[in-house]
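A closer look at the structure
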Amino acid sequence: MTKKILLINGPNLNLLGMREPETYGSQTLADVEALCRSHAEAKGMMLDCFQSNHEGVLVDTIQQSRGVYSHIVMNPGAYTHTSIAIRDAIIGVEAKVYEVHISNVYEREEFRHHSYISDIAIGTVVGKGIPGYLQAIDFIAEMAEG
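The rules behind each value
- Along each chain, the written sequence defines residue order, and numbers are assigned to residues from 1.
- In keeping with the model being predicted, local features are shown solely for residues with a pLDDT of at least 70 and side-chain atom pairs are shown and tallied solely at 80 or more, while totals for entire chains, interfaces and linings include all residues.
- Think of the side-chain values as coming from all heavy atoms in the structure, minus any hydrogens and water.
- Buried Ala, Val, Leu, Ile, Met, Phe, Trp, Tyr and Cys residues form a nonpolar core when they are joined through side-chain atoms within 4.5 Å.
- Each residue is assigned to one of three classes by its accessible area relative to the maximum for its type, calculated with a 1.4 Å probe on protein chains only: buried under 20%, partly exposed between the two thresholds, exposed over 50%.
- Elements are defined by DSSP. Helices are runs of H or I of four residues or more, strands are runs of E of two residues or more, and each kind is numbered from the N terminus.
- Here, residues are in contact when the closest pair of their heavy atoms is within 4.5 Å.
- The term disulfide is used for any two cysteine sulfur atoms that are within 2.5 Å.
- Two strands pair if DSSP finds at least two bridges between them.
- Think of each axis as a best-fit line through the C-alpha atoms, taken over the contacting stretch in the case of a helix, with angles from 0 to 180 degrees between the N-to-C directions.

Ranked by internal contacts, the top residues of the largest apolar core, which has 23 residues, are C36, V73 and Y133. Listing elements by their share of this core, those giving two or more residues are β1 (4–9), α2 (29–42), β4 (96–101) and α5 (131–145). Of the residues forming this core, the biggest block, six residues, is contributed by α5. Excluding anything up to four places from it in sequence, Y133 contacts L7, N9, V32, C36, V73, N75, V100 and I102. Counting 17 residues, the second largest nonpolar core, distinct from the first, contains L6, L58, M74 and V93.

Written as structure tokens, this is what we have:
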């Protein structure tokens, strides 16, 4: 059975390529999604993409992933540091979640050092830029093989 992955990007990631390019790079969200989709397909997996700036919509999307996706690659954006609701939604679904952050949150403001997601995620990639998404996909592919 083909692994189905859901890529979820949280608030402000729709501004990739425009917002703080020195921190987040010049690739747009559409570029990232296309790159991740083709990378997953090359590994024999299917990947769908979703982005929202709204916490409740992200919670709904996570809940609706139950039974549809085996894995979620998620960059929760600023909700990483604030959302118990997103954490609880992740706990409530069967999908394994891999947390990704483009920037190194541990080299930024102190309030960004705490994640409500990391301890329930199967893995976390921090500060690897856009290739961090691909690392998460590679990790899922390796788990499927092993």
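Let's shift gears to the state of the cysteines. Under the defined criterion, the tally for this structure stands at zero disulfides. Lacking any disulfide linkage, C36 is separated from the closest cysteine sulfur, that of C49, by 6.7 Å.

Looking now at the environment of I117. In this structure, I117 sits in the loop between β4 and β5 (123–126). The spatial distance from the C-alpha of I117 to the C-alpha of R87 is 5.8 Å, given a sequence separation of 30 residues. Those residues within four positions of I117 in sequence are excluded, and the remaining contacts are P76, T80, I86, R87, I90 and E99.

Another point: the sheet that holds strand β2 (residues 46–51). Read across the sheet, five strands follow the order β2-β1-β3-β4-β5 without closing on themselves; strand pairing throughout is parallel. Of all strands in the sheet, those with a lone pairing partner are β2 and β5, marking the two edges. Averaged over all pairs of adjacent strands, the angle between their axes in this sheet comes to 20°, without regard to strand direction. Bridge analysis of β4 against β5 gives four bridges, and the strand direction is parallel. Note that in β5 the partner of E99 across the bridge is T124.

Shape is all these values report; function is a separate question.
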